[in-house]
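Overview (structure and organization)
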Amino acid sequence: MDKKKAEAVIEAVLFAMGDSVEMSKLTHVLEMDSKEIKKIIDGMNEKYKKEDRGITIVELEGSYQLCTKPELYEYLIKVAKAPRKYVLSDTLLETLSIIAYKQPVTRLEVEKIRGVSCDHAVNRLVEFNLIQELGRLDAPGRPLLFGTTEEFLRTFGVKSLGDLPTMNPEQIEDFKHQAEEEVQLKLDI
């Protein structure tokens, strides 16, 4: 298959699917190896950029999705008039952070870390499509395991979980110290 035809097929598949498409599916459809397809996609993105087009192809953990360029979102919002908006409270952000860094994780494990019930937070994060059920833990009661979604990656602008920021040891020690002070204050009351 020539390059121009491959570009057309990639564009058609990504547009029609509307969601991310795994590289393995692209290699099957195009009957090309992944390095060749990656090179074509990179070339397509360069062309989109050079021609100041409104689309780009985004890579999300080895899958590809045709997306609108972020700088054009304001125009989409005007058309949609009622964009899906959600507010992430401190509780939701804290729960989401724990799930993102500890996944796959059960609700009980999140509650142990937070020290309070997280049923509402987990349900809201599932509703916002930022986390999803990944299966069940092979343990008594077979509790559900949760992890982040591709929507989480898109929302926070990271290509993979490996791109999440890491904390330096000084921050960790500072957080431990703050937590110990909070516990001591509660004991003193």
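See the structure printed just above.
Values in this document were obtained by computation on a predicted structure and should not be read as measured data. (Residues numbered from 1 in each chain as written. Predicted model: local features only at pLDDT ≥ 70, side-chain atom pairs only at ≥ 80, totals over all residues. Heavy atoms only, no water.)

Let's shift gears to the sheet that holds strand 3 (residues 63–68). Strand order in the open sheet made by the three strands is 1-3-2, with antiparallel pairing throughout. Among the strands making up the open sheet, the edge pair consists of strand 1 (21–22) and strand 2 (55–60). Both strand 2 and strand 3 contribute to a ladder of six bridges, which runs antiparallel. For valine 58, the partnering residue across the bridge sits in strand 3 and is glutamine 65. Across the sheet, helix 3 (residues 34–50) is in contact with strand 2 and strand 3; its angle to strand 2 comes to roughly 145°. (Pairing = 2+ DSSP bridges. Helix = DSSP H or I, 4+ residues; strand = E, 2+ residues; numbered from the N terminus. Contact = heavy atoms within 4.5 Å. Axes fitted to C-alpha atoms, helices over the stretch in contact; angles between N-to-C directions.)

Across the interface, helix 5 (residues 90–102) lies against helix 7 (residues 119–127) with an axial gap of 9 Å and an inter-helix angle of 80°. Considered as vectors, helix 5 and helix 7 are oriented roughly perpendicular to each other. On helix 7, the residues that touch Thr91, Leu92, Thr95, Leu96 and Ile99 of helix 5 are Ala121, Val122, Arg124 and Leu125. Classifying every residue of the contact of helix 5 with helix 7 gives six nonpolar, two polar and one charged. (Parallel < 35°, antiparallel > 145°, perpendicular 65-115°, else oblique. Nonpolar A, V, L, I, M, F, W, Y, C, P; charged D, E, K, R; others polar.)

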